[in-house]
Amino acid sequence: MVAALVSRGMPPPPLRGAAAAASIFSVPGGLQRRVSNCSNEWRLPPRLTVSRASRLLLSNRLTAQELCRHAYHLASFGESALRLNAYAKLLSWEEIAEQARKSDERIRSGEARSRLEGLPVTIKANIAAGGYWEMPHAGSAILAHEGIHLTIDDVPASRTTKGDVSNNGVYESDIARRLLKECGAILIGTTNLDEFGMGSLGTNNGVHCNRQLEGRLGGQRGGYYSPTYNPLPWMHRISSLLSADQQRLAIEDTDAYWLERICHSTEDNPHGVVDDTALARLLEEVQYWVDGDTPLENDSDVNTSPLLAPGGSSAGAAAATSHGSALFSVGTDTGGSLRLPAAWTATVGFKPSYGTFSRYGVVSYASSLDTVGFVAGTAECANIAWRCLREEGGSNGSEEGGTGLWNGRVNRDSTARVYHDAAKMGTDGGNFNGDDPSTGTTKPLADVRVGIPSAFSLEELPRPIADAWNSTADRLQRTAGATLVSIPESQVSAEWLKLALAAYYVLACAEASSNLSRYDGVRYGMELDPERYIMDDMDSANVEDYRPLLDMNALETQISATRAFGFGEEVQRRVLAGTSVLSSDRFHTHYEAAAVVRARLSRSLENAFRSSMDATADGDKVDVMLVPTALSFPCALNSIAGDGAGGMDPTEAFANDVMTIPISLGGFPSISVPFQTDDERSPIGMQVFSSRGSEDLVLRVASALQ
């Protein structure tokens, strides 16, 4: 990479800190080879891809019922045996089988709706899924008091929501309608998340804390809290339990291997482990780490725990996709909620341009940042899902009555609009995997300029991630033929980048304070008896803590008690922060200043990308940029102690999104692609992003990385 930049007369970017100095341009050869080559010590079982599953279904070698039964077995095993806690609600087999039966009928009659027809998928629990769930609880107790989710038959007419509803009167989002009804995918369940999308570890799920609420209201103290867990350590262990023949077949990764595995899947052993004794020992270890009362001897350090954070807020979506129970999972990304979990679970997280998909039916967190996207197993899977979901009328856009727009109902979401401006389309011509016809080369990225922004070379960047960044850039140049361009700080300022994290949380918390004000127990949310709440929980020791409630009128007491117990700690922290920055004495100094940072940072990044009008010019402009997805590795979760993430305070958790937030502030499309390492505790993700509307180009570069 150094030689390429020097030959163009371009100096390396300014370096800050020892880690940054060795990260991009000067890596010792031995260390670079160690990072670049995957060790046989860590090998995950192969993942079934969207392409293979679709081909087997459409060729009638596999039925949707067989495929979804295998996915259901994996999901049940993951929830009951591995205790992943990926699902907010796993549908019953009868509900899944009915969807699969209809899909098989369409395939047999030649009326498959898209390449997603018959494929098992999940939807994040902050998105209304239509007839399969009455209302998304967004991981919050205030929307899911006592964990009760009514079936369709239980929903009274008076409780239906004005707007788009299914035939059974249940609220349905645009993305759920597009995915399930127009593309023919099959919903396996809804996935867990940090409450209202606020969190980066998967530990802030307020629905599980509801048990603590019930304990207080019922006179029983305490409660058990269970976060979502990263499946990678357990997948590594399961892979090591496979027989030699199974490992050989897994490496070959043929259609015959998958047909055999799917058709012989069982709920107790969906991975096909032959050694029942070894599998039983593994499950005993899982039970110990999740439920044990005391640490193992000589293993008291939480960092030795195999329980790792999957990232957040789309923790369940990433865990389900990584484990294999869903071929891809739809979720939302506010400041990195899809990309960070993807990096930590060795999956692909894709966030399109802001406004690409309608947010109608999505529980709001920060309306100017929330973006519907998805987690997939590979870049190819993400590309197929993208092409099916973006086109009105199926994967070929041929359904009668289609509008031809990506978003057939953009009028139902005032922020949804098509960002594909011809002047900002980069140089991609839709040539996803093919050769470049203009250059006559077989290298797929010969016409693509990849920028390496020095502003992202932070001093806190760990050496392994810096080495992976260097290796990934080198691979794009040597294997794919891309041109590497150093982007100096004079073009993308590190100072604005440093301010991005603070600006993001000012803006996001302010919008959250406004959006969540509707949950007061009067208009929306749980109903709480404030008198019972106060009398049951108040004693002489803490009477002063409840003095403000005692001095309120009845309505104020009702609202305060409902929000105090309905919102989790992280949500309360952000709502209070947002209310503060919106106050008259801080609005100009905090909120408006954050908006200025957002505008200037977005403008500097946008100006670094070249448009179709200067696609042939060299200059300093680029087509895409390459940066790491995260500054850290998955932290250990101390479930035994019940305190969530070991040794990470909320401020440290905020910093997890420092590499993804600048992209979200600008509304740019971005994708996180896994970089394979030799340690299941240290997965690394590389992030590719480009100008608004350049999703095809971003996916094309991501495909070259895999």
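Residue numbers here run from 1 along each chain, matching the order of that chain's written sequence. Only residues with pLDDT of at least 70 are given local features in this predicted model, and only at 80 or more are side-chain atom pairs given and counted; all residues enter the totals for whole chains, interfaces and linings. The basis for every side-chain value is the complete set of non-hydrogen atoms in the structure, without hydrogens or water.

Caption draft 1: The arrangement of helix H21 (residues 569–581) in detail. Relative to the 18 Å expected for 13 residues at 1.5 Å per residue, H21 spans 19 Å between its end C-alpha atoms, a close match to the ideal helical length. Those residues of H21 not exposed but buried are Glu570, Val571, Arg574, Val575, Gly578 and Val581. Projection of H21 onto a plane perpendicular to its axis shows the buried side chains occupying an angular sector of 130 degrees, all on one side. When the buried face of H21 is taken as reference, the exposed residues oriented beyond 90 degrees from it are Glu569 and Leu576. Helix and strand definitions here come from DSSP, where helices need a minimum of 4 consecutive H or I residues and strands a minimum of 2 consecutive E residues; each element is numbered from the N-terminal end. Residue count minus one, scaled by 1.5 Å, sets the expected span of a helix. Relative accessible area decides the class of each residue, using a 1.4 Å probe on protein chains only: under 20% of the type maximum gives buried, over 50% gives exposed, and in between gives partly exposed. This arc is built from the directions going out from the helix axis to the C-beta atoms.

Caption draft 2: Broad picture of the side chain of Ser322. Within the secondary structure, Ser322 sits in helix H13 (residues 315–323). Relative accessible area serves as the criterion here: at 3%, Ser322 is assigned to the buried category. Setting aside residues up to four positions removed in sequence, Ser322 forms contacts with Arg47, Pro231, Leu232, Met235, Thr345 and Thr347. Pairs of residues are marked as contacts when any of their non-hydrogen atoms sit within 4.5 Å.

Caption draft 3: Structural detail: the nonpolar core. The term nonpolar core refers to a set of buried residues drawn from Ala, Val, Leu, Ile, Met, Phe, Trp, Tyr and Cys, joined through side-chain atoms within 4.5 Å. If you look at the biggest cluster of nonpolar residues, it comprises 143 residues, and the most contacted ones within it are Leu116, Leu179, Phe196, Phe328 and Ile671. Ranked by residues supplied to this core, first place goes to helix H17 (residues 494–515) with eleven residues. One finds Tyr229, Leu242, Leu282 and Ala630 within the second-largest nonpolar core, a separate group that totals 25 residues.

Caption draft 4: Highlighting the pattern of salt bridges. Put simply, a salt bridge is a Lys or Arg side-chain nitrogen that is within 4 Å of an Asp or Glu carboxyl oxygen. In this structure the tally under the stated criterion is 27 salt bridges. Between Arg101 and Glu98 there is a salt bridge; the shortest N-O distance is 2.5 Å. With Arg101 and Glu98 both in helix H6 (residues 93–108) and three residues apart, this pair spans about one turn of that helix. Classification of Glu98 as partly exposed rests on a relative accessible area of 34%. One salt bridge connects Asp585 with Arg586, and the closest N-O pair in it is separated by 3.6 Å. What you see here is one network of salt bridges that share partners, running through Arg52, Arg55, Arg61, Asp253 and Asp255.

Caption draft 5: View of the pairing of strand E4 (residues 328–333). Of all six residues that make up E4, six are buried, and the element is covered over most of its length. Here E4 shows two buried faces, one formed by Phe328, Val330 and Thr332 and the other by Ser329, Gly331 and Asp333. Only strands joined by at least two bridges in the DSSP assignment are considered to pair. Bridge count between strand E2 (residues 120–124) and E4: three bridges; the pairing is parallel. Note on E4: the bridge partner recorded for Val121 is Phe328. Bridge count for E4 against strand E6 (residues 371–376) is six bridges, and the pairing is antiparallel.

Caption draft 6: A look at unusual backbone geometry. Gly312 connects to Ser313 through a cis peptide bond whose omega is 10 degrees. Summarising the element assignment, Ser313 is placed in the loop between helix H12 (276–291) and H13. At Ala138, a residue that is not glycine, the phi angle is positive and equals roughly 55 degrees. We classify Ala138 as buried; its relative accessible area is 0%. Not every positive phi belongs to a glycine, and Ala346 is a case in point at roughly 60 degrees. Position of Ala346 among the secondary structure elements: in the loop between helix H14 (339–344) and strand E5 (348–351). Classification of Ala346 by relative accessible area gives buried; the value is 13%.

Caption draft 7: Highlighting the environment of Leu62. Position of Leu62 among the secondary structure elements: in the loop between helix H4 (50–58) and helix H5 (64–80). If we ignore the near neighbours within four places in the chain, the residues touching Leu62 are Leu56, Leu57, Leu67, Leu259 and Ile262.

Caption draft 8: Inspection of the packing of helix H16 (residues 463–478) against helix H25 (residues 695–705) at higher detail. Between H16 and H25, the shortest axis-to-axis distance is 10 Å and the interhelical angle comes to 100 degrees. In this view, H16 runs roughly perpendicular relative to H25, as classed from their interaxial angle. Contacts from Thr472, Arg475 and Leu476 of H16 reach H25 at Val701, Ala704 and Leu705. Each residue is assigned to one class: nonpolar for Ala, Val, Leu, Ile, Met, Phe, Trp, Tyr, Cys and Pro, charged for Asp, Glu, Lys and Arg, and polar for all the others, Gly among them. Broken down by class, the residue content of the contact of H16 with H25 amounts to four nonpolar, one polar and one charged. Helix axes are fitted only over the stretch in contact, all axes being lines through C-alpha atoms; the angle between N-to-C directions runs from 0 to 180 degrees. Note on angle classes: values under 35 degrees are labelled roughly parallel, values over 145 roughly antiparallel, values of 65 to 115 roughly perpendicular, and the remainder oblique.

Caption draft 9: View of empty space enclosed by the protein. A pocket, in this scheme, is an open set of points on a 1 Å grid over the protein atoms alone with protein on both sides within 12 Å along at least 5 of 7 lines, while a cavity is a set where a 1.4 Å probe fits but cannot get out; residues line either one if an atom lies within 4 Å of a point. Grid points are joined across faces, edges and corners, and a volume is the space filled by probe spheres set on the points. Counted by the stated rule, this structure contains five cavities of 30 Å³ or more. The dominant element in the lining of the largest cavity, judged by the number of residues it contributes, is H5, at four residues. In terms of residue class, the lining of the largest cavity is made up of eleven nonpolar, six polar and two charged.

Caption draft 10: Layout of the packing of H4 against helix H11 (residues 255–263). As a packed pair, H4 and H11 sit with axes 11 Å apart at the nearest point and diverge in direction by 75 degrees. By the angle class used here, H4 and H11 are roughly perpendicular. Listed contacts from H11 to Arg52, Arg55 and Leu56 of H4 are Asp255, Trp258 and Leu259. Its residues assigned to classes, the contact of H4 with H11 shows three nonpolar, no polar and three charged.

All we've got here are geometric facts, nothing functional implied.
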